[in-house]
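Report on the structure
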Amino acid sequence: FNSRGAARRRMINFFGWNGGGAARPRRCSSDSEAQHQLATLCKDLEGRPLVQEFIPVLQALNQVLHVWTAPEAAFQAARAAVAFLKPYTEEERTLEFLLSSHTHKEKMENCAASMKRALVACQSAGLTEEAELQRWPKALEGLRQKCREVFELHFYAVFLDVKGDKVLLEQLFRWLSAALQLPLASIQRCLARTRPWAEEALQAMARRKQLRMLQRLHERALQQWNREWQEASRPESGKLGVKFWDSSFCHLFKIAWPDFVEAFENFYVGRCPNDLVRQLRAKVDPNGNHQVTRNSWQLLLRDHSRISDIVDILLEEVLSSLPECIYREPPEEEEVIDVDASEWQVCESSKQGPQACGEPLRLGFPSPQSTPQVAKPWVPFAHSTADDDMSIPTQTDVRHPTGAPLHGARDSTRVAWDDFVSDLCASHKPWWMDPEDEASSASFALRESALRAVDSCISCTRRSLIFGVVSGDLGQNRPVLQMPNPAHVDEKPHAVSPSSPREAPADFSTLPALVVAANGSRFSGVTKFGRSSSKRALAPDCPMSEPIASRSHFNVIHDQETDQFYIMDAGSKWGTFVKIGSTVTLSCGDWIRVGGVEFIVRFCGGGCKCQKSHIHYRLHSLKIEEERHKGMWPNPKPKNGGEELSDDDIQAELLTVRKSRGWMSTASRLCSCASATDRPMKMQSGTCIPVAPLELDFISGPRMGEKIVLLDRVCTLGRGEGNTIQVTDSQLASVSRVHCIFEFSGNRWQMRDNSSTNGTWRRLSCVLEPSEPMAVTGSMSIQAGTHEFFVKPAEMRQCLIPSPGRAVLEEMHRTHA
């Protein structure tokens, strides 16, 4: 039977007749075109993966089309196969073809139905074997499964990009490369053509859908990363964790959290997923103040024999609360941004604020009209006519020249703020967009909506900080930002007001600017400033090319919960100083810089948190009193002319024991000449109202090594002769005549700048340890090494949402190039 059927097919091919059957009409041009297109398709698909099961069936159909009496269903199947499989012949459209086949199944179902009818008709006519009819459903089912797998991986890739996990994104792109059987260099081109499916995924995330699928894929990704990390990690010999701490932070007891996690990843081979990093921080930095102590690290290492055991524990804790790692808890009465991908219309919630209603954005820094001015106090003895140098102007500190760079010339261009923000946001396009495509407002709104729903380390905020570079190399090649007109400026006053000409708002329009966004370049919410280095660890985001800057000098932190910026010193050697504009309360250990003079507050009079300093000072006073009773100190004489010494006289003598030697200020002489009636020190009940002593220890300048105790309620420091503390030096003229004022008010010593030329600065960290984060509530000035910055909060027109996936793809492309 089979031999007769084969002979019959050969006869049909030779004579072109159907064994005496009805003759088929002459072929039209469309049939010839379908035959040619199918032959070209079979040739193009020979080197393409994922469709190898289709090629034998298509080749058999192509042979049938060469027969003059081929059924009409074969030509229809050929046209359907070409329409369905033609996009797959281009390599860069591989991912687009699979995603389209999964979401829009019309072409696949049409091709499947047409091919089945054609194979049945050809088999009935004896033109094909039964094997082709059985092979086709298997090939089609395999393609459906591959489309489903690729769709889930693509959806999970969009989720990880919103979540901001670079480690899992790099792993996922390798998975996607293996699933598509394409090199990594081709993956980026394939992903750039998947914008419609990425935006559909964003819309589903904004509604918190596909939770089970994301949990399954996220658990698989974390476990796969753990297996690879366990294989690549090196065993640590000796006491666990000691080598890591000593090699990275030798002789340090406390370090900044970004430095710890960066050193941890570099030492133990490879970066960690964000969920594990967050769990690790909860153990070593439980207070959330971005500080890690050696004691907290040792507590984590207790009862563990390997670092891999700690990683396993962190992974178990993450997997136990996996739904919390996918989506945030929805707020009450939440309204989600819904975007119709076909019409690109955005319906924003009423809770989006004035920006959603078309109102102009407002910047977060004061205007010259609204900035509160601090009245300059008048101190009689400080402005005495006896001063001979009152007419000599104060020289600008040569270490921080106003408005001039220290190395080289500036090359700054003027850019409008809105244009700068637009260009900045356009440079952070997601990987599912072609670089030449323009991002619409609908796509930005959709990303913001998904970012609010996903448990992400990326902040959804429009706030930023503008660092006007007063001095230093960071000002080179930086633009000068032209802010909007005063009508767009926030009129809310701020806590810090300009206290010197250098801080005037007019100067900001001429300074090159460095914009710090909420989402750091390498760490989520952290931007690091420091000295550039060739080492992998402690690499800064903003390198400062100067020798006295530490590798990790200071950090700018953004907190998602409070939507607030903070500045903290990272344990630098030469310190980070913040300019004092308004009145500040002094505490024990404060490090103050006045021009070229620096001093430390050894005793603040009590009231701060440094109980050890208070106890030490009281014990020292008791020791002096004991030595006086033993005859080692001369007994003071009664001031009232009596024979016995009162308690007030003893206390006053104890407070004046540690005054500086060899001089007495004009203020002391004037106060000593004042009568008792002019300075009432007692209430009517006889209770004494003393002024708590303020002890200052000078560590640099002409008074270096001296300790001075202030007892008057109002004291001044300056180079003028009438100051309570006079700082004069022919080599040092950076101190103003009346530079700063100390005042005892409310049982605490307070200090304020007196509109000096070079300002009064307070160091954030007085030891080689990270400081407590200081909130940026308004305009402020910062000194770090030879750099000086004038910082202003500002608000962007739209959220700056980085794309970690694009950064990972570019890094993988450079690695495999």
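Relevant structure appears above.
Everything in this summary refers to the structure shown in the same document. In this text, all values refer to a predicted model and were calculated from it rather than measured experimentally. (Residues numbered from 1 in each chain as written. Predicted model: local features only at pLDDT ≥ 70, side-chain atom pairs only at ≥ 80, totals over all residues. Heavy atoms only, no water.)

**Some points on the overall build of the chain**
The number of helices and strands found in the chain is 24 helices and 26 strands. Residue burial in the chain is summarised as follows: out of 817 residues, 48% are buried. Taking contacts inside the chain between residues at least 6 apart in sequence as the whole, the part at least 24 apart equals 73%. (Helix = DSSP H or I, 4+ residues; strand = E, 2+ residues; numbered from the N terminus. Buried < 20%, exposed > 50% of the residue type's maximum accessible area, 1.4 Å probe, protein only. Contact = heavy atoms within 4.5 Å.)

**Notes on the nonpolar core**
Leu58, Met205, Phe260, Trp297 and Ile307 are the most contacted members of the largest nonpolar core, which has 130 residues in total. Per element, the largest residue contribution to this core is 15 residues, and it comes from helix H7 (residues 130–163). Setting aside residues up to four positions removed in sequence, Trp297 forms contacts with Gly241, Phe244, Trp245, Phe260, Phe264, Tyr268, Val284 and Ile307. One finds Ile580, Phe603, Leu696 and Leu711 within the second-largest nonpolar core, a separate group that totals 32 residues. (Core = buried A, V, L, I, M, F, W, Y, C linked by side-chain atoms within 4.5 Å.)

**Focus on the packing of helix H3 (residues 55–65) against helix H6 (residues 106–124)**
Their axes nearest at 12 Å, the elements H3 and H6 cross at an angle of 55 degrees. The orientation of H3 relative to H6 falls into the category oblique. Along this stretch, H3 crosses H6, giving a crossing that reads as left-handed. Contacts from Val57, Leu58, Leu61 and Val64 of H3 reach H6 at Met115, Leu119 and Cys122. In terms of residue class, the contact of H3 with H6 is built from seven nonpolar, no polar and no charged. (Axes fitted to C-alpha atoms, helices over the stretch in contact; angles between N-to-C directions. Parallel < 35°, antiparallel > 145°, perpendicular 65-115°, else oblique. Left-handed = near helix turned anticlockwise from the far one by under 90°. Nonpolar A, V, L, I, M, F, W, Y, C, P; charged D, E, K, R; others polar.)

**Notes on the sheet that holds strand E14 (residues 584–585)**
Overall, mixed pairing links the five strands, which are arranged E14-E22-E21-E19-E20 in an open sheet. Every interior strand has two partners, whereas the edge strands, E14 and strand E20 (725–726), have only one. Where strand E19 (residues 714–718) and strand E21 (residues 740–745) come together, four bridges link them in antiparallel fashion. If you follow Cys715 over to E21, its bridge partner there is Phe742. (Pairing = 2+ DSSP bridges.)

**Regarding the packing of aromatic side chains**
Here the structure, examined in full by the defined rule, presents 31 aromatic pairs. Ring plane angle 20 degrees and centroid distance 5.9 Å describe the contact between Tyr156 and Phe159, whose orientation is recorded as stacked. You can see Tyr156 and its partner Phe159 sitting in helix H7, three residues apart, about one turn around the helix. Taken as a pair, Tyr156 and Phe159 share a single burial class, namely buried. Ring centres 5.5 Å apart and planes at 45 degrees place the aromatic pair Phe244 and Tyr268 in the tilted group. Here Tyr268 lies in the loop between helix H13 (257–267) and helix H14 (274–284) and Phe244 lies in helix H12 (residues 242–248), a separation of 24 residues in the sequence. According to the relative accessible area criterion, Phe244 is buried, its value standing at 0%. The class of Tyr268 is buried, set by a relative accessible area of 4%. Its end group placed over the ring of Tyr88, Arg48 keeps NZ or CZ at 4.4 Å from the ring centre. (Phe/Tyr/Trp six-rings, centres within 6.5 Å; stacked < 30°, edge-to-face > 60°. Lys NZ or Arg CZ within 6 Å of the ring centre and 35° of its normal.)

**Some thoughts on the pattern of salt bridges**
Considering all chains together, one arrives at 33 salt bridges under this definition. Ionic pairing is found between Asp246 and Arg294, a salt bridge with its closest N-O pair at 3.1 Å. Pair noted here: Asp246 is in helix H12 and Arg294 is in helix H15 (residues 294–301), with a separation of 48 residues, a long-range link. Among the salt bridges present, the one from Asp275 reaches Arg278, with a minimum N-O distance of 3.2 Å. Separated by three residues within a single helix, Asp275 and Arg278 lie in helix H14, roughly one turn from each other. Beyond isolated ion pairs, a larger network of salt bridges with shared partners links Glu92, Arg93, Glu96 and Arg193. (Salt bridge = Lys/Arg side-chain N within 4 Å of Asp/Glu carboxyl O.)

**Quick notes on the sheet that holds strand E24 (residues 774–775)**
The mixed open sheet is built from five strands, whose spatial order is E10-E9-E11-E12-E24. In this open sheet, the two strands that pair with only one neighbour each are strand E10 (542–543) and E24. As paired elements, strand E11 (residues 554–559) and strand E12 (residues 564–569) share six bridges and run antiparallel to each other. Within E12, the residue paired with Ile557 across the bridge is Tyr566.

**Quick word on the side chain of Gln783**
By the secondary structure assignment, Gln783 is in strand E25 (residues 780–784). A polar side-chain atom of Gln783 sits 2.6 Å from a polar atom in the side chain of Arg593. (Polar contact = N/O pair within 3.5 Å; in protein donor to acceptor, adjacent residues only side chain to side chain.)

**Here we look at the packing of helix H8 (residues 166–180) against helix H24 (residues 804–815)**
One way to put it is that H8 packs onto H24 with a least axis distance of 9 Å and a crossing angle of 60 degrees. When the interaxial angle is binned, H8 and H24 end up oblique. Of the two possible hands of crossing, H8 and H24 adopt the one that is right-handed. Along the contact surface, H8 presents Lys166, Leu169, Glu170, Phe173 and Arg174, while H24 presents Pro804, Gly805, Val808, Leu809 and Met812. Of the residues belonging to the contact of H8 with H24, the class tally is six nonpolar, one polar and three charged.

**Digging into the environment of Trp574**
Along the chain, the position of Trp574 falls in the loop between E12 and strand E13 (576–579). For Trp574, a relative accessible area of 48% puts it in the partly exposed group. Between the C-alpha atoms of Trp574 and Arg763, which are 189 residues apart in sequence, the distance is 9.4 Å.

**A word on the pairing of strand E22 (residues 748–753)**
When you tally the buried positions in E22, you get five out of six residues, the bulk of the element. Note that E14 and E22 share two bridges and pair antiparallel. Residue pairing across strands places Thr585 opposite Gln750, the latter belonging to E22. Alignment of E21 against E22, held across six bridges, turns out to be antiparallel. Pairing of Cys740 across the sheet is with Asp753, part of E22. In this structure, the hairpin formed by E21 and E22 is closed by a connection of two residues, where Gly746 is found at a positive phi of approximately 65 degrees.

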